[in-house]
Amino acid sequence: EAVLLAILIWSGLSFMHASQEDEFVKRAHTTATLFATTVKDAVLATDTAALESFVKETFKNTDVAYVRVTGQFGEVLAQGGGAEALVRPFRADVHVDDVTDGVFDAAVEIREAGVVYGRVELGLSTREIYAVLGAADRQSAGIAAVEMLLAGVFSFVMGGYLTRQIQGLREGARRLAEGDLDYRVAVQGKDELASTAEAFNLMAQRLCALNSELESRVAARTAELLHAQQEL
């Protein structure tokens, strides 16, 4: 049960992790694409004031760690965010598992008529997604622990009940073998062991009746023999 439960939880968490990570990657690229569309005209016009304003607006999304807008030749037109994130060399991430610095990096080119005029580089913090996945892991582990505890308690109670029933049958068999035909096994419940106990008591009852009948016949035969000896 523990192995199957572990497999079930692992498969469920793996699916959830993959789903959440895919959604996060899509959100990062969608955010970068929308921002690139927003600043496209400002990049074409080299309007740095408008670009700075757009960059500031981006940080209303608390997940954004940094934003950088570069020109056609890689020059920085506008940027904002944490100093540590801005000084790092940009390297686009493909999967959340690739992230080693807590920031998922995504980039989208700014194109017009097939010509690249710049690029948007954006980083989203992975803190929230890992917090959600960690909470799910802890909750699943807690549910599994409670389930195993309940299964253990139920097994202990059920095992004790079955053991008492079997011990009662064993004691009845021992007493019957020693000749105590009046002994009866206590019947509890309506399960298979209770049916076995009832069958045992019925067998003991019939043996007792058969023994009484046999003793009566022996006594009667003995009396007849004594009477015949007296006549002789």
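Everything here concerns the structure above.
What counts, and at which threshold
- Residues numbered from 1 in each chain as written.
- Predicted model: local features only at pLDDT ≥ 70, side-chain atom pairs only at ≥ 80, totals over all residues.
- Heavy atoms only, no water.
- Salt bridge = Lys/Arg side-chain N within 4 Å of Asp/Glu carboxyl O.
- Helix = DSSP H or I, 4+ residues; strand = E, 2+ residues; numbered from the N terminus.
- Buried < 20%, exposed > 50% of the residue type's maximum accessible area, 1.4 Å probe, protein only.
- Arc of directions from axis to C-beta.
- Contact = heavy atoms within 4.5 Å.
- Pairing = 2+ DSSP bridges.
- Axes fitted to C-alpha atoms, helices over the stretch in contact; angles between N-to-C directions.
- Phe/Tyr/Trp six-rings, centres within 6.5 Å; stacked < 30°, edge-to-face > 60°.

A.B. asks: Could you clarify how one ought to interpret the pattern of salt bridges in this entry?
C.D. replies: Two side chains with opposite charge may pair up if their charged atoms get near one another. Tallied over the full model, the rule gives 11 salt bridges. Residue Glu112 pairs with Lys40 through a salt bridge whose shortest N-O separation is 2.6 Å. Linking Glu112 in strand 3 (residues 103-112) with Lys40 in helix 1 (residues 2-44), this pair joins segments that are 72 residues apart in sequence. A relative accessible area of 23% places Lys40 in the partly exposed class. Where Arg68 meets Glu121, a salt bridge forms, and the shortest distance between an N and an O atom there is 2.5 Å. Placement of Arg68 in strand 1 (residues 64-70) and of Glu121 in strand 4 (residues 115-125) is noted, with a sequence separation of 53 residues between them.

A.B. asks: What's the story with helix 2 (residues 48-58) in this structure? I'm lost.
C.D. replies: Side chains three or four residues apart in an α-helix point the same way, a direct result of the helix having 3.6 residues per turn. The set of residues buried in helix 2 consists of Ala50, Leu51, Val55 and Thr58. One side of helix 2 carries all its buried residues, which in axial view fall inside an arc of 140°. Seen from the buried face of helix 2, the exposed residues on the opposite side, beyond 90 degrees, are Ala49 and Lys56. Where helix 2 is buried, its residues contact helix 1, strand 1 and strand 2 (76-81).

A.B. asks: Explain the sheet that holds strand 4 to me, please; I cannot follow it from the model alone.
C.D. replies: Read across the sheet, 4 strands follow the order 2-1-4-3 without closing on themselves; strand pairing throughout is antiparallel. Edge positions in the sheet fall to strand 2 and strand 3, since each of these pairs with one other strand and no more. Within the sheet, the average angular offset between the axes of one strand and its neighbour, ignoring direction, is 10°. As paired elements, strand 1 and strand 4 share 6 bridges and run antiparallel to each other. If you follow Val64 over to strand 4, its bridge partner there is Leu124. Strands strand 1, strand 2, strand 3 and strand 4 of the sheet are contacted by helix 1, whose axis makes an angle of about 40° with strand 3.

A.B. asks: Looking at this structure, how should I read the packing of aromatic side chains?
C.D. replies: To describe a pair of aromatic rings, you give the distance between the ring centres and the angle between the ring planes. Considering all chains together, one arrives at 1 aromatic pair under this definition. Between Phe24 and Phe104, the aromatic rings sit 5.9 Å apart at their centres with planes inclined by 85°, giving edge-to-face as the arrangement. Residue Phe24 is located in helix 1, and its partner Phe104 is located in strand 3; the two are separated by 80 residues in the primary sequence. For the pair shown, Phe24 and Phe104 are each scored as buried.

In short, shape yes, function no, at least from these values alone.
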